[in-house]
Amino acid sequence: MKKINIYRFLTVIVASAMIFSSCTKEMSEVRLDPKLSTSSELKELTSNAVTVIGFVVAQGDGFAERGVCYKLAANPTIADNKVIFDRDVSGATFDVRLTDLDYATTYYAKAYAINETDTLYGKEITFTTLPILPTISTVAISEIKGISAIGGGNITNAGGANVTARGIVFAITANPTVADTISKTVDGIGTGAFISEMKGLTGVTTYYVRAYAINSVGISYGEQVEFTTTVDTRTWNIPGDYVEGSYPGSVLANWAPENSPQIKSISSAPDDVEGYVYMANATNEWKIASQPSWDGPNYGNGGSGTLSESGGNMASPAGYYKLNVNAGVTPMTFTAVATVWGVIGDATPNTWNDETALVYDPASKTWRGVVHLTAAQFKFRANHNWDYNYGSTAANEKLNVGGENIAISVESDYAIALDLSKPLDYTYAANRWGIIGDAQGNWDIDKNMTWDNTTKVFTITLDLVSSGFFKFRANDAWDVSYGGELGALTAGGTNLSVATDGNYTVTFDPWGLKATVTKN
């Protein structure tokens, strides 16, 4: 009997559900040679499985078994891995699911069919399984400070695709993600261990941390770890042999931490400790005590700008020092910069070219002076450069580092006081002075005083009547006013008066809070 050779096709692998539905009929008087073919189409390809579709064009005397064989190298046979089609064999189409495959791996596959005498194979095809998410772990948190800590992760498996970003996410709520938190680090690419630094934390606060890794499949996260930041604020003392000579009339004492000037930090930056300390002696020795006692830890000079518990006394010449300590590093570092303060700006005599100097007064612990200011702006600045300067962002008596320029609306002589004695609570006053009251006319309009640089007082000559009263008032407003006894004026004190009508010269000392009223 004449046999006609007809090619048959086998369709394999995932991604498309393409199924051959037509089948060559074998005429009763003709028996076709069995043939197979393999399609390059893939169906339902994943990282560990794929569906292969085969098609019998002609089965000759019939097949006892059909399926798909595969392996990691070319030319797979049934002696390698195979999956048998175990469903209805009456049709031309059959499909099998290859499972337990390795991710991101290239396989070679063929459809096969077995009859009584032979095993037939379709055309060989290849496919590559999809990658998976990276495998990552979160490392334990270390170097926990008030506002910083060190974390990181370890990527042990890229998942068959390049890791294009990695880092950590952290928040005060559990299970932070890249999508819902702005607290994220980006620490390179690829696999392996990495270190992440968390900054800008809040003291005494619990944070939740997860490492993350990104590849073409998506984002994977390590296990969550948590930690709590340390101190909310620090208040440290600066004992030394300088204290009694630098703070006369106070309860402060030499080498007594509990009775020493202090430096502090705030909750938003508990590791940044700062403050101003005046040292009047020609040579001054001092240390830093973390408690108001010698119970420690106490810090001395560790060399090269560092602090050490075993360090000796620091030694500084006379000066008004800005002390800064970075308690967030090991070893801790410090600076002690002598500062001389003044006012600068287009409202001042030297405009923006240089400071007009103020003088430090140990009794009041303020920098002060009287400066003629025009209707313009000024700031406080030290050491003839902009490393240290303060303005008033809120346009009040509170000073801020690098704050806004302070506006002056009325040209006059101003008594200026800069108070840096309270760590991180720096204030100022800029007052022009006048006399208000019906003794000089009325209670609505001040008569302005001018500064006498020789006698170091504000002065004015004016007519006063005995039937009225008067007070000293700052800035044409009642925020600051003085009355009471001329030799010991008090804030908001009682009204002043004269015994007889006449022309008087009146002086006012804004620092000593004394006044004179002399009839001409």
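Note that the coordinates shown come from a computational prediction; the quantities given were computed from them, not determined experimentally. (Residues numbered from 1 in each chain as written. Predicted model: local features only at pLDDT ≥ 70, side-chain atom pairs only at ≥ 80, totals over all residues. Heavy atoms only, no water.)

Trainee: Please clarify how the overall build of the chain should be interpreted in this entry.
Mentor: Assigned secondary structure in the chain consists of one helix and 42 strands. The C-alpha atoms of the chain give a radius of gyration of 44 Å, which is well past the 24 Å a tight globule of 520 residues would have. Dimensions along the principal axes, computed over C-alpha positions, put the chain at roughly 150 × 55 × 35 Å. The buried share of the chain, taken over its 520 residues, is 47%. Long-range pairs, those at least 24 residues apart, make up 66% of the contacts in the chain between residues at least 6 apart in sequence. Split by element, the accessible area of the chain, about 24,500 Å² in all, is 50% carbon and sulfur. (Helix = DSSP H or I, 4+ residues; strand = E, 2+ residues; numbered from the N terminus. Rg over C-alpha atoms; globule rule 2.2 N^0.38 Å. Buried < 20%, exposed > 50% of the residue type's maximum accessible area, 1.4 Å probe, protein only. Contact = heavy atoms within 4.5 Å. Areas by Shrake-Rupley, 256 points an atom, 1.4 Å probe, with all protein chains shown as cover.)

Trainee: Mind showing me how you'd approach the environment of T117 here?
Mentor: By the secondary structure assignment, T117 is in the loop between strand 6 (106–114) and strand 7 (119–121). Taking the relative accessible area as the measure of exposure, T117 reaches 73% and is therefore exposed. Counting along the chain gives 54 residues from T117 to F63, while the straight-line C-alpha distance between them is 9.8 Å.

Trainee: Explain the packing of aromatic side chains here, please?
Mentor: For any pair of aromatic rings, geometry is given as the distance between the ring centres together with the angle between the planes. For the structure shown, the criterion picks out 27 aromatic pairs. Ring geometry for Y276 against Y426: centres 5.5 Å apart, planes inclined by 80 degrees, an arrangement best described as edge-to-face. Separated by 150 residues along the polypeptide, Y276 in strand 18 (residues 269–286) and Y426 in the loop between strand 32 (412–419) and strand 33 (427–431) bring together distant segments of the chain. Grouping residues by exposure puts Y276 and Y426 together as buried. Cation over ring: R210 sits above Y221, and NZ or CZ is 4.2 Å from the ring centre. (Phe/Tyr/Trp six-rings, centres within 6.5 Å; stacked < 30°, edge-to-face > 60°. Lys NZ or Arg CZ within 6 Å of the ring centre and 35° of its normal.)

Trainee: Mind showing me how you'd approach the sheet that holds strand 33 here?
Mentor: Backbone hydrogen bonds are what pair the strands of a sheet, in a parallel or an antiparallel way. Read across the open sheet, the four strands follow the order 26-27-32-33; overall the sheet is antiparallel. Only two strands of the sheet have a single neighbouring strand rather than two, namely strand 26 (359–361) and strand 33. Going from strand to strand, the sheet's axes swing by 25 degrees on average, the running direction of each strand aside. (Pairing = 2+ DSSP bridges. Axes fitted to C-alpha atoms, helices over the stretch in contact; angles between N-to-C directions.)

Trainee: For this particular structure, what's the right way to read the sheet that holds strand 10 (residues 149–157)?
Mentor: The three strands are arranged 9-10-12 in an open sheet whose pairing can be described as antiparallel. Of all the strands in the sheet, the pair left with one neighbour each is strand 9 (135–138) and strand 12 (192–198). Geometrically, the sheet is characterised by an average inter-axis angle of 25 degrees between neighbouring strands, direction not taken into account. Looking at chain direction, strand 10 and strand 12 are connected through seven bridges and run antiparallel. Residue pairing for strand 12: G151 is matched across the bridge by S196.

Trainee: Where do I start with the layout of surface pockets in this structure?
Mentor: To find the voids left in a structure, one rolls a probe of water-molecule size over its atoms. For the largest pocket, the calculated volume is near 380 Å³. If you trace the largest pocket, you find 22 residues lining it, with A407, Y428, A430, N431 and N475 closest to the centre. Going through the elements one at a time, strand 31 (406–407) and strand 33 are the ones with two or more residues in the lining of the largest pocket. Residue composition of the lining of the largest pocket, grouped by class: 13 nonpolar, six polar and three charged. (1 Å grid on protein atoms, 1.4 Å probe; cavity = no way out; pocket = protein on both sides within 12 Å on 5 of 7 lines; lining within 4 Å. Points joined across faces, edges and corners; volume = space filled by probe spheres on them. Nonpolar A, V, L, I, M, F, W, Y, C, P; charged D, E, K, R; others polar.)

Trainee: How should the nonpolar core be read in this particular structure?
Mentor: Within soluble globular proteins, side chains that are nonpolar generally end up buried alongside one another. Grouped together as the largest cluster of nonpolar side chains are 47 residues, with contacts concentrated most on W236, W286, I288, W341, F378, F380 and I416. Of all the secondary-structure elements, those providing two or more residues to this core are strand 18, strand 22 (314–326), strand 24 (341–344), strand 27 (366–373), strand 28 (377–382), strand 32 and strand 33. Counting residues per element, this core draws most heavily on strand 18, which supplies six residues. Setting aside chain neighbours within four positions, we find I288 in contact with W236, N237, I238, N298, Y299, L307, M314 and V325. (Core = buried A, V, L, I, M, F, W, Y, C linked by side-chain atoms within 4.5 Å.)

Trainee: Where do I start with the pattern of salt bridges in this structure?
Mentor: Opposite charge on two side chains makes pairing possible when the charged atoms of those side chains draw close. In the structure shown here, the tally under the stated rule is 13 salt bridges. A salt bridge links E44 to R97; the nearest nitrogen and oxygen atoms lie 3.5 Å apart. You can see E44 sitting in the loop between strand 1 (35–37) and strand 2 (50–58) and its partner R97 sitting in strand 5 (residues 93–98), a full 53 residues away along the chain. A relative accessible area of 45% means that E44 is categorised as partly exposed. R473 serves as the salt-bridge partner of D446, at 2.5 Å between the closest nitrogen and oxygen. Placement of D446 in strand 35 (residues 442–448) and of R473 in strand 38 (residues 471–474) is noted, with a sequence separation of 27 residues between them. For the pair formed by D446 and R473, the shared burial category is buried. Via salt bridges that share partners, D354, E355 and R381 belong to a single interconnected network. (Salt bridge = Lys/Arg side-chain N within 4 Å of Asp/Glu carboxyl O.)

Trainee: What is the right way to look at the side chain of R166 in this model?
Mentor: Within the element layout of this structure, R166 appears in strand 11 (residues 165–171). One buried charge, R166, has no salt-bridge partner; the nearest side chain with opposite charge is D187, at 6.8 Å. A polar contact of 3.1 Å, which involves the side chain of R166, links it to the backbone oxygen of G190. Polar contacts involving the side chain of R166 include one to the main-chain carbonyl oxygen of T191, which spans 3.1 Å. (Lys, Arg positive; Asp, Glu negative; His and termini not counted. Polar contact = N/O pair within 3.5 Å; in protein donor to acceptor, adjacent residues only side chain to side chain.)

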